[in-house]
Amino acid sequence: MLTSILRCVRPVSTSIAINRSLAHFKPLMDPDPSRPVEKAIRTKLTNTLKPDHLEVFNESHMHAVPPGSESHFRVLVISSQFEGLSLIQRHRLVNETLKEELSSCVHALAIQAKTPDQWRSNPTLNKSPPCMGGSRGGPTVEEKLNAGQK
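Quantities reported herein were computed from a predicted structural model and do not represent experimental measurements.

(A) Structural context of the pairing of strand β2 (residues 72-78). The buried fraction of β2 amounts to seven of the seven residues, a majority that puts the element mostly inside the structure. Covered by surrounding structure in β2 are H72, R74, L76 and I78 together with F73, V75 and V77, the residues of both alternating faces. Summarising the sheet, β2 and strand β3 (residues 108-114) pair through seven bridges and their orientation is parallel. Counterpart to V75 in the pairing with β3 is I111.

(B) Structural context of the sheet that holds β2. Read across the open sheet, the three strands follow the order β1-β2-β3; overall the sheet is mixed. With partners counted over all chains shown, the strands left at the sheet margins are β1 (53-58) and β3, one partner each. Taking the axes of each pair of neighbouring strands and ignoring which way they run, one obtains an average angle of 10° across the sheet. Both β1 and β2 contribute to a ladder of six bridges, which runs antiparallel. Bridge pairing in β2 places F57 opposite R74. Running over the sheet, helix α3 (residues 87-97) touches β2 and β3 and is turned about 125° from β3.

(C) Inspection of the nonpolar core at higher detail. Core analysis: the biggest nonpolar cluster contains 17 residues, and I41, L45, F73, V75, V77, V94 and L109 have the highest contact counts within it. Contributions of two or more residues to this core are made by α2 (36-49), β1, β2 and β3. Ranked by the residues each element gives to this core, the list is headed by α2, at four residues. Not counting residues up to four positions away in its chain, the partners in contact with V75 are I41, L45, E55, V56, V94, L109, A110, I111 and Q112.

The rules behind each value
Residues numbered from 1 in each chain as written. Predicted model: local features only at pLDDT ≥ 70, side-chain atom pairs only at ≥ 80, totals over all residues. Heavy atoms only, no water. Buried < 20%, exposed > 50% of the residue type's maximum accessible area, 1.4 Å probe, protein only. Helix = DSSP H or I, 4+ residues; strand = E, 2+ residues; numbered from the N terminus. Pairing = 2+ DSSP bridges. Axes fitted to C-alpha atoms, helices over the stretch in contact; angles between N-to-C directions. Contact = heavy atoms within 4.5 Å. Core = buried A, V, L, I, M, F, W, Y, C linked by side-chain atoms within 4.5 Å.

Limitation: the analysis is restricted to geometry and does not speak to function.
As structure tokens, then:
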């Protein structure tokens, strides 16, 4: 288990994207090889959903995890494959695509799944709230992991 958790510790990527029109996007689909979890998320969503636009944000730095972790993500997926699907069906499709990551080192995944028409009419990316984390003021994740090995 420790190996799978440590596999998720990588340099932090931060990005902010607010109120942007699809027409002005330069695709952000090139994965950074130094971030294997982020790369896997991008690759799987791209191959499965053929998005018009995809953004993957590593928000781990906003939470009580070791620096460089890849455990908390936000994705924005704009795909015509979402046409006719309810919001819950879209989220299930994304979750099914990322089931391996969600069952191992991804602790949290925030999803915005829109059709191209929905994105054109409302090109906003929701902001994540600040972490109210269960680990704040308590032992760090690293301390908990070390304690579990004793």
